[in-house]
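# Residue-level structure breakdown
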Amino acid sequence: MDVTYSPSETAFREEVRAFLDDTLPDAIRRKVRTGKRLSKQDHETWHGILAEKGWLATGWPKEYGGPGWGPVEKYIFEEEYVKAGAPRIVPFGLTMLGPVLIKYGSDDQKRHYLPRILDGTDWWCQGYSEPGAGSDLASLKTKAERDGGAYIVNGQKTWTTLGHHANWIFCLVKTKSSGKPQEGISFLLIDLQSPGVELRPIVTIDGEHEVNEVFFNDVRVPVGNLVGEENKGWTYAKYLLTHERTNIAGVGFATQALAHLKTISAKQFSAGRPLADDVLFASRVMELEIELDALRTTNLRMISAAQAGGEPGPEASMLKIKGTDLRQRINNLTRQALGPYALPFVSEVLDDGSNAETVGPEGANTVAMTYFNTRKLSIFGGSNEIQRNIVAKQILGL
Ligand SMILES: Cc1cc2nc3c(=O)[nH]c(=O)nc-3n(C[C@H](O)[C@H](O)[C@H](O)COP(=O)(O)OP(=O)(O)OC[C@H]3O[C@@H](n4cnc5c(N)ncnc54)[C@H](O)[C@@H]3O)c2cc1C
């Protein structure tokens, strides 16, 4: 689909492109392009560069240190950002907690926490899910009981992404046991250095340590760390999730993955000709491309609604379903295009400078790892089945 941009939007795109060209460190760009592991230091370095330019918290208003962009600028930035090979911005402080604090936090909380997110002092993680409370999040059990000027927190969170890098966690906790579960939940900010917090790694199907369990054993949390009102946390939690889901769609990442698939299908041969010339295979690539175009159009439609002053709503669920499904399907077709070259599962290839021996076209060696890693896309941020329920109820009115 051809989109027409105004001269000022085109000039902005040029500015973004030039900035990324000039400032993205080659070592980080290379790691992203070749699918290598990024260290905590890589993320911090890159966040620092973006923060200095004032382009780290792209969704925040100017008064809190954001660039004050509208939805179109954000979209252009994201497109150029992925094209340039920049690493995904770690979302927990910037795109999840930040908007919640800006909308619902006290002035003190905004003054204290927002600058620390921008300058990298705090690395946040998300404490929503628990064993037994994922899709049915409102059934969470972690309890916070008032004791003078503090809450005493007991319970367990799980699947906490990059919790091992974090020094703070935002948590949904139970502050009332009577009534509807949604009406007894509060949103609490907890220092992970507090006595009684214990973090344990979970190693996932791809052999990586990305997620953790977090245990709270009589952890004292000052009452000032409550966001908004007690027992109103469900409202803030849902607000955060719509932001999380919009960002999960990953149109830019799907575009890059499709470009990689096309490169591979031009180099891989079947029956003596490139796969790209095989009508059946080419039509499968085309089908994905059409769906990606439709996703991009839907995203743009939402952007133009947001430009007119709307907040992301249940439509974010559509983006989440389609965006994540597409990325998994592109990866599947890439594996099929590579045939046996897609089989090796050598996690050392993700180490920068690894000498692990690999065969096949460039980028083939990480495809198996990517396959296992992208299983998570249709689970986290609320599983795709749950998103379909939301679309059915809140958009289709079923
Ligand atoms: C890699 C990864 C990272 C994550 N990171 C975080 C994080 O940082 N912080 C955090 O809080 N959470 C995180 N999560 C947790 C994630 O949000 C949950 O896994 C997700 O909400 C699903 O919950 P569950 O795992 O308990 O599965 P369950 O809720 O037990 O669901 C199991 C299956 O049943 C289906 N199902 C359940 N209920 C329904 C229904 N009503 N209708 C139809 N189908 C249904 C689900 O779709 C799923 O397929 C992460 C998860 C993963 C895999």
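For the structure given in this document, a descriptive report is provided here. Remember, it's a predicted structure, so these values are computed and weren't measured experimentally.

### Observations concerning the overall build of the protein chain
Summing up its helical and strand segments, the protein chain has 12 helices and 10 strands in all. Its C-alpha atoms give the protein chain a radius of gyration of 22 Å, near enough to 21 Å, the size a compact globule of 398 residues would have. The C-alpha extent of the protein chain, read off along each of the three principal axes, is 75 × 50 × 45 Å. When burial is assessed residue by residue, the protein chain has 46% of its 398 residues classed as buried. Of the contacts made within the protein chain by residues no fewer than 6 positions apart, 72% connect residues no fewer than 24 positions apart. Here the protein chain contributes 45 positively and 49 negatively charged side chains, and the mean placements of these two sets differ by 4 Å.

### Comments concerning the site of the ligand
Around the ligand lies a shell of 17 residues, among which Ser135, Trp159, Thr161, Ser383 and Glu385 are the nearest. The contact in question runs from a nitrogen atom of the ligand to an N or O atom on the side chain of Ser129, over 2.7 Å. Compared with its free state, where it exposes 970 Å², the ligand has 65% of that area covered by protein. At three residues, the largest contribution of residues to the shell around the ligand is made by helix H12 (residues 384-395). Here the shell around the ligand is composed, by residue class, of six nonpolar, nine polar and two charged.

### As for empty space enclosed by the protein
Counted according to the given criterion, the structure contains one cavity of 30 Å³ or more. The space that makes up the largest cavity amounts to roughly 30 Å³. Secondary structure elements with two or more residues in the lining of the largest cavity: helix H4 (71-83) and helix H8 (251-267). When grouped by side-chain class, the residues that make up the lining of the largest cavity number two nonpolar, two polar and two charged.

### Description of the side chain of Gln328
Relative to the assigned elements, Gln328 resides in helix H10 (residues 315-338). Residue classification places Gln328 among the buried residues on the basis of a relative accessible area of 11%. Only 3.5 Å separates the side chain of Gln328 from the backbone oxygen of Arg375, close enough to count as a polar contact. Sequence-distant contacts of Gln328, that is, excluding residues within four places in its chain, are made with Thr374, Arg375, Leu377 and Ser378.

### Digging into the packing of aromatic side chains
With the rule as written, the count across this model stands at 18 aromatic pairs. Where Trp55 meets Phe77, the ring centres are 5.8 Å apart and the plane angle is 80°; that geometry is what we call edge-to-face. With Trp55 in the loop between helix H3 (40-53) and H4 and Phe77 in helix H4, this residue pair connects regions lying 22 residues apart in the sequence. The exposure class of Trp55 is buried, given its relative accessible area of 6%. Looking at Phe77, the relative accessible area reads 4%, which means it is buried. On the basis of an interplanar angle of 40° and a centroid distance of 6.4 Å, the ring pair of Trp124 and Phe170 is categorised as tilted. In this pair, Trp124 is assigned in strand S1 (residues 124-127) and Phe170 in strand S4 (residues 168-174), connecting sequence segments 46 residues apart.

### Some words on the environment of Thr58
For Thr58, the location among the structural elements is in the loop between H3 and H4. Considered as a pair, Thr58 and Gly70 are 12 residues apart in the sequence and their alpha carbons are 9.2 Å apart. For Thr58, the residues in contact, after removing those within four places along its chain, are Pro67, Trp69, Lys74 and Phe77.

What counts, and where the lines are drawn
- Residues numbered from 1 in each chain as written.
- Predicted model: local features only at pLDDT ≥ 70, side-chain atom pairs only at ≥ 80, totals over all residues.
- Heavy atoms only, no water.
- Helix = DSSP H or I, 4+ residues; strand = E, 2+ residues; numbered from the N terminus.
- Rg over C-alpha atoms; globule rule 2.2 N^0.38 Å.
- Buried < 20%, exposed > 50% of the residue type's maximum accessible area, 1.4 Å probe, protein only.
- Contact = heavy atoms within 4.5 Å.
- Lys, Arg positive; Asp, Glu negative; His and termini not counted.
- Charge placed at Lys NZ, Arg CZ, Asp CG, Glu CD.
- Near = heavy atom within 4 Å.
- Polar contact = N/O pair within 3.5 Å; in protein donor to acceptor, adjacent residues only side chain to side chain.
- Areas by Shrake-Rupley, 256 points an atom, 1.4 Å probe, with all protein chains shown as cover.
- Nonpolar A, V, L, I, M, F, W, Y, C, P; charged D, E, K, R; others polar.
- 1 Å grid on protein atoms, 1.4 Å probe; cavity = no way out; pocket = protein on both sides within 12 Å on 5 of 7 lines; lining within 4 Å.
- Points joined across faces, edges and corners; volume = space filled by probe spheres on them.
- Phe/Tyr/Trp six-rings, centres within 6.5 Å; stacked < 30°, edge-to-face > 60°.

That's the geometry; what it means functionally is another story.
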